[in-house]
Amino acid sequence: MNKVFLNKIETYDIEKLKDIYSRIFSEIDLKSKIKEGMTVVIKPNLVIKSKPESGIITHPNVVAAVGILIKEMGAKVLIAESSGGLFTPATCKMVFSGSGYTEIAEKYGFTLYTEAEFSKVTINKPYICGELNVINPYINPDFVIDIAKLKSHSMTGLSGAVKNLFGVVPGLQKPELHCRFPKEEDFVKMLTDVCEFVKPNLSVMDAIDGLEGDGPTGGIKKHMGFTAVSESPYALDYVCAKIIGMEPENIKMMAFSTEMGLTPKSLDEIELNDDINKYLIKDFLMPKSKTTDFIDRIPKFLRPLAAKIATPKPYIKKDKCVGCGKCAESCPQHTIEIINKKAEINYKNCIKCFCCHEMCPIHVIDIKRLKIFNL
Ligand code: SF4
Ligand code: SF4
């Protein structure tokens, strides 16, 4: 039986977070699994350099609370992440310091991974991706804790514990994987391969503040007021999806992992420490790219054509674009050009992966769908 621990918490107070995680860690007897001298690698979500209070990244205080408890068990803490964009020692340092991680590392004695080295790995019996590069701390680690941020995601629907592990792929090699697996059904298989490769020993969700709407970077900050922990990243995502009103069977990534027997089929297969009804968020905004409501309202025979015409596209707000080129750098199809200090998309080659939307530092790439039939 998968177990998921839910706990309400309204602020990022480190002492309160420590109290919650300390109780959970005792219940799962984490101390018996963490040996003296071991290195515990923590994988936060630092998709982009962002302020801790933005709702975009795993708040550093959540990582601090978990890390302090791990250190008390006698282990070392190594925080390792590859954000989008370039993956170099300088960009790693810049993301850590701009996101509040350098401060917690210095204060509590954690190590930040800034060497920016990676190696090729082979995945045994992959669903689709047998070989890829992974940043070195995730190759034969002693113990991994995946600390995700609960957000909507324009491409995959949900950004949670499973999607967070895509950050073990170095920098600009992430868009390359979009190119290798342009169809969403293949991309989600690759994400499942990555999750099965890392196999986090423990997963934690920062769902105190997150993002709704067009996440994972351009959405709207949403206060949700809880944190959750599980030894299964799949069960953790399942419960969090239910809380924010997403149906797991409608999220391709979860539908696939359910079919593969990794994600539970229903809440009946998950043991919860608390009543989930106390956590439900009724007004969570779904990403524009994933809403299918209007398609459901037109005659069935017209739906394939309507879906094709109305497939959401990235749209650059030219008046606000500063021409920094981050979108072009992250585009797997190399279909964005900077002309006269403004980004321009050649839609002919666009595969609607929304990497550009994710990587724009000032969030001026919108997602738009053509409205048809006045719906
Ligand atoms: S990342 Fe954003 S601001 Fe920078 S060039 Fe692209 S659209 Fe413009
Ligand atoms: S333009 Fe944007 S959505 Fe289209 S392929 Fe490039 S990164 Fe992906």
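Placed above this text is the structure.
Right, let's walk through the structure included here. For clarity, every value in this text was computed on a predicted model and none was experimentally measured. (Residues numbered from 1 in each chain as written. Chains lettered and ligands numbered in written order. Predicted model: local features only at pLDDT ≥ 70, side-chain atom pairs only at ≥ 80, totals over all residues. Heavy atoms only, no water.)

1. Here we look at the pattern of salt bridges
Part 1 of the argument: In this structure the tally under the stated criterion is 17 salt bridges.
Part 2 of the argument: Across the pair Asp 206 and Lys 149 runs a salt bridge whose closest N-O atoms are separated by 2.8 Å. Of this pair, Asp 206 sits in strand β9 (residues 202–212) while Lys 149 sits in strand β7 (residues 143–153), placing them 57 residues apart in sequence. The pair Asp 206 / Lys 149 is uniform in exposure class, with both members buried.
Part 3 of the argument: Among the charged side chains, a network of salt bridges with common partners joins Lys 3, Glu 27 and Glu 271. (Salt bridge = Lys/Arg side-chain N within 4 Å of Asp/Glu carboxyl O. Helix = DSSP H or I, 4+ residues; strand = E, 2+ residues; numbered from the N terminus. Buried < 20%, exposed > 50% of the residue type's maximum accessible area, 1.4 Å probe, protein only.)

2. Examining helix α6 (residues 173–180)
Three or four residues apart is the spacing at which side chains of an α-helix point the same way, because the helix has 3.6 residues per turn.
Part 1 of the argument: For α6, every residue scored as buried is listed here: Gln 173, Lys 174, Pro 175, Leu 177 and His 178.
Part 2 of the argument: In this structure, the buried residues of α6 make contact with β5 (118–122), β6 (131–135), α7 (184–198), α12 (326–330) and α13 (355–359). (Contact = heavy atoms within 4.5 Å.)

3. Here we look at empty space enclosed by the protein
Part 1 of the argument: By the definition in use, this model includes five cavities of 30 Å³ or more.
Part 2 of the argument: There is about 290 Å³ of room inside the largest cavity.
Part 3 of the argument: For the largest cavity, the lining is made up of 27 residues, of which Val 47, Lys 163, Phe 166, Lys 174 and Glu 358 are closest to its centre.
Part 4 of the argument: Looking at the lining of the largest cavity, the elements that each hand over two or more residues are β7, α5 (161–164), α6 and α13.
Part 5 of the argument: Per-class residue counts for the lining of the largest cavity are nine nonpolar, twelve polar and six charged.
Part 6 of the argument: Two domains share the lining of the largest cavity, each providing at least three of its residues, namely domain 1 (2–278) and domain 2 (292–368). (1 Å grid on protein atoms, 1.4 Å probe; cavity = no way out; pocket = protein on both sides within 12 Å on 5 of 7 lines; lining within 4 Å. Points joined across faces, edges and corners; volume = space filled by probe spheres on them. Nonpolar A, V, L, I, M, F, W, Y, C, P; charged D, E, K, R; others polar. Domains from an automatic or database assignment.)

4. Comments concerning the site of ligand 1
Part 1 of the argument: Taken together, 14 residues lie around ligand 1, and Cys 321, Cys 324, Gly 325, Cys 327 and Cys 360 are the ones closest in.
Part 2 of the argument: Of the residues that constitute the shell around ligand 1, the class distribution is eleven nonpolar, two polar and one charged. (Near = heavy atom within 4 Å.)

5. Concerning the pairing of β9
Part 1 of the argument: Counted residue by residue, β9 has eleven buried out of eleven residues, so it is predominantly covered.
Part 2 of the argument: The pairing of β7 with β9 spans six bridges and is parallel. By the bridge assignment for β9, Lys 149 is matched with Asp 206.
Part 3 of the argument: Inspection of the sheet shows β9 paired to strand β10 (residues 220–230) by nine bridges, in the antiparallel sense. Opposite Asp 209, over in β10, you have His 223 as the bridge partner. (Pairing = 2+ DSSP bridges.)

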